[in-house]
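Geometric and topological summary
Okay, here's what each chain looks like letter by letter:
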Amino acid sequence: MNKSIGLFGGTFDPVHFGHIAIAHSFLESSLIDELWVLLTPFPPHKEGSNHASYQHRKDMLELAFLNKKNIKILTIENELPKPSYSFNTIQYLKKLHPECTFFFCIGEDNLSIFNSWKNHKEILKEVKLLVANRPEANHSTVSKYILDNSIFVDHKPISVSSSKIKEHINHKDQLREFLPKNVLDFILSKSLYKNHI
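Residues numbered from 1 in each chain as written. Predicted model: local features only at pLDDT ≥ 70, side-chain atom pairs only at ≥ 80, totals over all residues. Heavy atoms only, no water.

**So, the environment of Ser191**
- Examined against the element boundaries, Ser191 turns out to sit in the segment after helix 10 (181-190).
- Judged by its relative accessible area of 45%, Ser191 is partly exposed.
- Along the backbone, Ser191 and His51 are 140 residues apart, and their C-alpha atoms lie at a distance of 12 Å. (Helix = DSSP H or I, 4+ residues; strand = E, 2+ residues; numbered from the N terminus. Buried < 20%, exposed > 50% of the residue type's maximum accessible area, 1.4 Å probe, protein only.)

**Considering the packing of helix 2 (residues 54-64) against helix 10**
- Put simply, helix 2 and helix 10 touch, their axes get as near as 8 Å, and they point 155° apart. Between helix 2 and helix 10, the interaxial angle falls into the category roughly antiparallel. Classified by chirality, the crossing of helix 10 by helix 2 is right-handed. Of the residues in helix 10, those touching helix 2 at His56, Asp59, Met60, Leu63 and Ala64 are Asn182, Val183, Phe186, Ile187 and Lys190.
- Of the residues that constitute the contact of helix 2 with helix 10, the class distribution is six nonpolar, two polar and two charged. (Axes fitted to C-alpha atoms, helices over the stretch in contact; angles between N-to-C directions. Parallel < 35°, antiparallel > 145°, perpendicular 65-115°, else oblique. Left-handed = near helix turned anticlockwise from the far one by under 90°. Contact = heavy atoms within 4.5 Å. Nonpolar A, V, L, I, M, F, W, Y, C, P; charged D, E, K, R; others polar.)

**A closer look at the pattern of salt bridges**
- Across all of its chains, the model carries nine salt bridges by this definition.
- Across the salt bridge formed by Glu62 and Lys58, the nearest N and O atoms sit 2.8 Å from each other. Placement of both Glu62 and Lys58 in helix 2 is noted, with a separation of four residues, approximately one turn of the helix.
- Two residues, Lys144 and Asp148, come together in a salt bridge whose shortest N-O distance is 2.8 Å. Here Lys144 pairs with Asp148, and both are found in helix 7 (residues 144-148), just four residues apart, close to one helical turn.
- Given the relative accessible area of 45%, Asp148 is considered partly exposed.
- Each of Lys3, Glu34 and Lys72 takes part in one network of salt bridges that share partners. (Salt bridge = Lys/Arg side-chain N within 4 Å of Asp/Glu carboxyl O.)

**Comments concerning the layout of surface pockets**
- If you add up the space inside the largest pocket, you get close to 1,300 Å³.
- Considering the residues around the largest pocket, the lining is formed by 48 residues, among which Gly9, Gly10, Thr11, Thr40 and Asn110 are closest to the centre.
- Broken down by element, the residue count for the lining of the largest pocket peaks at four residues, all from strand 4 (residues 101-107).
- Residues that form the lining of the largest pocket fall into these classes: 21 nonpolar, 18 polar and nine charged. (1 Å grid on protein atoms, 1.4 Å probe; cavity = no way out; pocket = protein on both sides within 12 Å on 5 of 7 lines; lining within 4 Å. Points joined across faces, edges and corners; volume = space filled by probe spheres on them.)

**Considerations on unusual backbone geometry**
- In the segment running from Asp13 into Pro14, the intervening peptide bond is cis, with an omega of 0°.
- Structurally, Pro14 can be placed in the loop between strand 1 (4-10) and helix 1 (17-28).
- Each neighbour pair has its own omega, and for Lys82 with Pro83 the value is -5°, a cis peptide bond.
- Within the fold, Pro83 resides in the loop between helix 3 (76-79) and helix 4 (86-96).
- The backbone phi angle of Phe12 is positive, close to 50°, even though this residue is not glycine.

**Section: the state of the cysteines**
- Counted under the stated rule, the structure contains zero disulfides.
- Residue Cys100 stays outside any disulfide, its sulfur separated by 14 Å from that of Cys105, the closest cysteine.
- Judged by its relative accessible area of 2%, Cys105 falls in the buried class. (Disulfide = S-S within 2.5 Å.)

**With respect to the packing of aromatic side chains**
- Using the criterion set out here, one finds five aromatic pairs in the structure.
- Summarising the aromatic geometry, the rings of Phe8 and Phe12 are spaced 5.6 Å apart at their centres and angled 80° between planes, so their arrangement reads as edge-to-face. Just as Phe8 is buried, Phe12 falls in that class too.
- Judged by centre distance (5.6 Å) and plane angle (65°), the ring pair of Phe8 and Phe26 falls under edge-to-face. Here Phe8, found in strand 1, pairs with Phe26, found in helix 1; they are 18 residues apart in sequence, far enough to count as distant. Taken individually, Phe8 and Phe26 each receive the classification buried, so the pair is uniform in this respect.
- The ring of Tyr85 has Lys118 sitting right over it, with the charged end atom 5.4 Å from the ring centre. (Phe/Tyr/Trp six-rings, centres within 6.5 Å; stacked < 30°, edge-to-face > 60°. Lys NZ or Arg CZ within 6 Å of the ring centre and 35° of its normal.)

Structural data, given as structure tokens:
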């Protein structure tokens, strides 16, 4: 059966309510049947005390999207040759699932820098972009061929970032507004990000 699949990549370090909200916006667009979340490995120079391990980030993603039947967590980018490039992942998944139609899902903040991505023109030959709207976004610097291959979906951004969470790691009460309880409990139980500066 032909399915429409959205591919949503990131390091998710950690996953938070902003990621969850954007995932729901992509699904609620009715343009895709499923959202496949691609967990990206860190380049070697970024590993260290400020980052959670790949396994811990995968565990947090699974907790964040627990019981969401239309969302799958994929570790394919950890298995493909490094470094992880979106173009290679898209090609691989298209060959593996020729019966599926794929969209590549990004936030509107990434649209303005999309032309700096490796093989960005080739990506647009393989898939259309599904872009979560940001009210303040400016498209004046975005190339026409990128906009022509973009479909915008309704989205209300949540003001939270992974770096903000790390800055507040010692203030559990503040973290509750950024993270699902099960993800926060996991972070605290594993003492993640304690060495963040």
